Amino acid sequence: MKMEDIQKTQTLKKLIISDVVVKFKCPNCGKGLIIRNNKERKLGLGWICPECGYTGP
Ligand SMILES: [Zn+2]
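Residues numbered from 1 in each chain as written. Predicted model: local features only at pLDDT ≥ 70, side-chain atom pairs only at ≥ 80, totals over all residues.

(A) How the structure looks around the overall build of the protein. Secondary structure assignment for the protein yields 2 helices and 4 strands. If you list the helices and strands of the protein from N to C, you get α-β-β-α-β-β. Here the C-alpha atoms of the protein give a radius of gyration of 16 Å, more than 25% beyond the 10 Å that 2.2 N^0.38 yields for 57 residues. Considered along the principal axes of its C-alpha atoms, the protein spans approximately 50 × 20 × 10 Å. (Helix = DSSP H or I, 4+ residues; strand = E, 2+ residues; numbered from the N terminus. Rg over C-alpha atoms; globule rule 2.2 N^0.38 Å.)

Right, dumping it as structure tokens:
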């Protein structure tokens, strides 16, 4: 394997990790679908339910 190929693979892995998306139903109304990515979770950003406006950590 060439050095260049190894670097490409590592970059790709980083991209995949940063793009991890978590989907879950709103715990308040059970209707709204919350979609969060790994970056937002790391930054500790809150989310808001599109259905009822419930916010969470
Ligand atoms: Zn909700």
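(B) Examining the pairing of strand β1 (residues 21–25) more closely. For β1, a buried count of 0 out of 5 residues is recorded, marking the element as mostly open to its surroundings. Alignment of β1 against strand β2 (residues 33–37), held across 5 bridges, turns out to be antiparallel. Each bridged residue has a counterpart across the sheet, and for lysine 25 the counterpart in β2 is leucine 33. (Buried ≥ 20, exposed ≤ 12 C-beta atoms within 10 Å, placed from the backbone. Pairing = 2+ DSSP bridges.)

(C) How the structure looks around the environment of lysine 23. Counting through the fold element by element, lysine 23 comes out in strand β1. The class of lysine 23 is exposed, set by 8 C-beta atoms lying within 10 Å. In this structure the C-alpha to C-alpha distance between lysine 23 and arginine 36, which are 13 residues apart in sequence, comes to 6.4 Å. Other than its neighbours up to four places away in sequence, lysine 23 contacts Leu33, Ile34 and Ile35. (Contact = placed C-beta atoms within 7 Å.)

(D) Summary view of the confidence of the model for the protein. Of all residues in the protein, 93% have pLDDT values of 70 or greater, and the mean over the chain is 86. Within the protein, strand β3 (residues 47–48) carries the highest mean pLDDT (92), whereas helix α1 (residues 3–18) carries the lowest (76). (pLDDT = per-residue confidence, 0-100.)

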